[in-house]
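A structural walkthrough
What follows is each chain in one-letter form.
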2 protein chains.
Amino acid sequence: MGFTSAALHCGIKAKTGALDLTVIAAERPVAAAGLFTTNLAQAAPVLLSKKHLQRTAGMTRAIVINSGCANACTGSQGLADAETMTREVAAALGCNVEDVLVASTGVIGVNLPMGRVAPGIRTAISQLARGRGSDMARAIMTTDPFPKEDAVRVETAAGTFAIGGTAKGSGMIEPNMATMIGLLTTDAQVPPALLRRALEESARDTFNAITVDGECSTNDTLFALASGASGVVIDDETYPALLEGLLTVSRKLAVDIVRGGEGATKVIRVTAQDARTSDDARRVARTIANSPLVKTAIHGGDPNWGRLIAVAGRAGVEFELSRAAVTIGSIVLFKDGRPHDEAAPEAAAYLKNDEIAVLVDLGAGTASSTVWTCDLSAEYVRINAEYRT
Amino acid sequence: MGFTSAALHCGIKAKTGALDLTVIAAERPVAAAGLFTTNLAQAAPVLLSKKHLQRTAGMTRAIVINSGCANACTGSQGLADAETMTREVAAALGCNVEDVLVASTGVIGVNLPMGRVAPGIRTAISQLARGRGSDMARAIMTTDPFPKEDAVRVETAAGTFAIGGTAKGSGMIEPNMATMIGLLTTDAQVPPALLRRALEESARDTFNAITVDGECSTNDTLFALASGASGVVIDDETYPALLEGLLTVSRKLAVDIVRGGEGATKVIRVTAQDARTSDDARRVARTIANSPLVKTAIHGGDPNWGRLIAVAGRAGVEFELSRAAVTIGSIVLFKDGRPHDEAAPEAAAYLKNDEIAVLVDLGAGTASSTVWTCDLSAEYVRINAEYRT
């Protein structure tokens, strides 16, 4: 796809051999776009990558990503460290420092061990090669139980191109522009402005429609790179094919982040429909998806439609109880103001599945919205009570 | 204090002998005020009590409360059942049905077993007596680990009066007008309008400043009754003493609800200070108090100030990272954009306490706000995954 990459253990993570540093590079600056966290406490790499993308008007030669340390809330030292990371890459590749982007993920409030990171970057660049995407997917993991990657080939009248992607979760996930770390690559030739538009549009209903714990992180970053290596030029005519391809890969990765959410045992697809506006639908779906009572009930296999109604009722959205309905899977449990508890055993059996769909009909309009979430287990508590100990 | 009460097991709860029905009565209609949930899916007893308070302009003879069944999402049958409960009380006491208020708490979406409730009410009224407040406190419990009651005597120039109160939690707690069920009584003589004002003012920083799981229920109800039995008349001059007394009792009960939160092992006092506005301060304190990552970190004894900053950053409030500070107990862990991790061991030792104070300084103004919450434990998950099974 016109990219090379490398991943290694430089010593940020304590565990010997655990990949914690990765670099992806193109042979020359290529079109790049980035979406970043809306958290007001933005990490140093987020601030720096935004600046670099602005300075180059969306042209990037390489991205360096580390896991194990978020380089967030690290003050001026943190900014200096992020700059050093990009400078090491630029020096080794022989490009401008602005042509390099950076992302970090891991513990907040700890400085990077630059004595290990800087030599690690130099080694990584000496090892750049094609076909190392799987190592990259592992090198960006923190508490993720499995690596996340996907790729599709897109056929258009102008020719065939490829889209690949990788992402990591897995706690502090309610992205509000992008997920913690995500990277999408394509060998299509896409002008930077169009790449940014495609990234925004594809993230809206994928990376921005998931939640694990309602926590928007300090480091959320989603990058897209377009190398042009396929020779396929994206214009108004081929844009829908690019968008469709990005949506396919992004949806797979976003749902995988939920599947790998901390302590998750089930993926839950929450749909709010027949809302007055799209915003209303989105707010209800999101409120349900973040409700600890809904998430624990589904974890316990309890078809507790009352909690779904109660949570919809506190979402601050117009809604008529007498016209509302709750469906779990395809089983109607509440309709026209009346419970259908005779269907509860069937719904309880359905909840034994790993993939659950719940639907709340607000009976107030025609808009709908879907958000993916996971169940809340005792394992989430264990992971986050012991994260730093 | 001019009230009699009775509590018994009528058979709503499955466990033999578990108190599930209680009535409190005055000898004649007395000043009454109520605050109710802002959830749009309001339970039948909430709708009926609001109507009765409006019709009588705040004069009430008795309140009947049941636990074990919330009578929420129960349609027209639910409304008829709530009416029957008030009618049974009115018939036995010989008053108007509008003079009776009703509240229910427990499972949502299940109809009341009226064949047991109605005779239960008649028996309760035949047993009305003074000094049974402790039974009442137990009769309104659901998953609460302990009963909650408090009383104070208030001395004023006009004489001495008493204020008592009881409340229950313990999950689905982020009241947005009042807690699930709370009852305050006084033998002061208070005009209904003044009683309502005092109830609203005292609830703002007590019952409305707590959260267990961010879930505003369908049944939240807080009542106040003023019998006048002490002969002390509350007017503009004695109002501050009434308010102070209500605040004392309400704060004790509200913090007890947090202490008895589902799965709670610690009470956490979250203060946001130096915010631009009171709303900003309140929003940051509330967002932190509902953060699963903060609540699990404190559960695990981890002085993870990074999560406090990250959560403050996603609260959507103006805030300057370089001027922000985080204090746990009296230990400063982050200040002027710089971590003080040398203090982490001391903070970890402090977190072994049952009562924890955390403070986030936003460095943006002078407003502050406090919210009480509890930690998030695996026990919360267990309770709510198995609630109906």
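What counts and how
- Residues numbered from 1 in each chain as written.
- Chains lettered and ligands numbered in written order.
- Predicted model: local features only at pLDDT ≥ 70, side-chain atom pairs only at ≥ 80, totals over all residues.
- Heavy atoms only, no water.
- 1 Å grid on protein atoms, 1.4 Å probe; cavity = no way out; pocket = protein on both sides within 12 Å on 5 of 7 lines; lining within 4 Å.
- Points joined across faces, edges and corners; volume = space filled by probe spheres on them.
- Helix = DSSP H or I, 4+ residues; strand = E, 2+ residues; numbered from the N terminus.
- Axes fitted to C-alpha atoms, helices over the stretch in contact; angles between N-to-C directions.
- Parallel < 35°, antiparallel > 145°, perpendicular 65-115°, else oblique.
- Left-handed = near helix turned anticlockwise from the far one by under 90°.
- Contact = heavy atoms within 4.5 Å.
- Nonpolar A, V, L, I, M, F, W, Y, C, P; charged D, E, K, R; others polar.
- Least-squares fit on C-alpha atoms with pLDDT ≥ 70 in both.
- Buried < 20%, exposed > 50% of the residue type's maximum accessible area, 1.4 Å probe, protein only.
- Pairing = 2+ DSSP bridges.
- Core = buried A, V, L, I, M, F, W, Y, C linked by side-chain atoms within 4.5 Å.
- Salt bridge = Lys/Arg side-chain N within 4 Å of Asp/Glu carboxyl O.

**Regarding the layout of surface pockets**
If you add up the space inside the second largest pocket, you get close to 460 Å³. Sorting the residues of the lining of the second largest pocket by element identifies strand 3 (59–69) and strand 4 (100–107) of chain B as the ones contributing at least two each.

**A look at the packing of helix 2 (residues 75–93) of chain A against helix 3 (residues 114–126) of chain A**
Residues and elements named next belong to chain A. With their axes 9 Å apart at the nearest point, helix 2 and helix 3 run at an angle of 25 degrees to one another. One finds that helix 2 runs roughly parallel with respect to helix 3. Helix 2 and helix 3 meet at a crossing whose hand is right-handed. Residues D81, T84, M85, E88, V89, A92 and L93 of helix 2 form the contact with helix 3, whose own contacting residues are M114, V117, A118, I121, R122 and I125. Taken together, the residues that form the contact of helix 2 with helix 3 break down as nine nonpolar, one polar and three charged.

**Re the relation of the copies chain A and chain B**
Placing chain A over chain B gives an RMSD of 0.0 Å and needs a rotation angle of 180 degrees, together with 0.0 Å of translation along the axis. Given the turn and translation reported, the copies of this chain are related as if by a two-fold rotation axis. No C-alpha of chain A lies nearer the rotation axis than that of A:A378, which sits 2.2 Å from it. Most of the interface of chain A is mirrored in chain B: 100% of its interface residues are interface residues there too.

**Description of unusual backbone geometry**
Residues and elements named next belong to chain B. The backbone of N71 sits at a positive phi, close to 45 degrees, despite the residue not being glycine. By the element assignment, N71 lies in the loop between strand 3 and helix 2 (75–93). For N71, a relative accessible area of 0% corresponds to the buried category. In this model, C73 sits at a positive phi of 60 degrees, which is unusual for a non-glycine residue.

**Examining the sheet that holds strand 13 (residues 355–361) of chain A**
All names here are of chain A. Here six strands make up an open sheet; going across it, the order is 12-11-10-13-9-14 and the pairing mixed. Looking at the sheet topology across the chains shown, the edges are occupied by strand 12 (338–339) and strand 14 (367–374). Pairing analysis gives two bridges linking strand 11 (residues 331–335) to strand 12, with the strands arranged antiparallel. Bridging across to strand 12, K335 finds its partner in R338.

**A closer look at the nonpolar core**
Taken as a class, soluble globular proteins show a tendency for nonpolar side chains to be buried jointly. Among the nonpolar cores identified, the biggest contains 127 residues, and A:I309 and B:I309 are the most heavily contacted of them. Not counting the four nearest positions on each side in its chain, A:I309 is found in contact with A:F319, A:L321, A:A324, A:V326, A:F334, B:A41 and B:C73. Listed in part, the 42 residues of the second largest apolar core include A:A31, A:V154, A:I163 and A:I210.

**Overview of the pattern of salt bridges**
On inspection of all chains with the given rule, the structure shows 28 salt bridges over all chains. Two residues, A:E355 and A:R259, come together in a salt bridge whose shortest N-O distance is 2.4 Å. Within this pair, whereas A:E355 is found in strand 13, its partner A:R259 is found in helix 6 (residues 239–259), the two being separated by 96 residues in sequence. We classify A:E355 as partly exposed; its relative accessible area is 45%. A salt bridge links B:E318 to B:R276; the shortest N-O distance between them is 3.0 Å. Residue B:E318 is located in the loop between helix 9 (305–313) and strand 10 (325–328), and its partner B:R276 is located in the loop between strand 9 (267–275) and helix 7 (278–289); the two are separated by 42 residues in the primary sequence. Relative accessible area serves as the criterion here: at 47%, B:E318 is assigned to the partly exposed category. Overlapping salt bridges bring together A:K252, A:D256, A:R259 and A:E355 as one network.

Keep in mind these values describe shape, not function.
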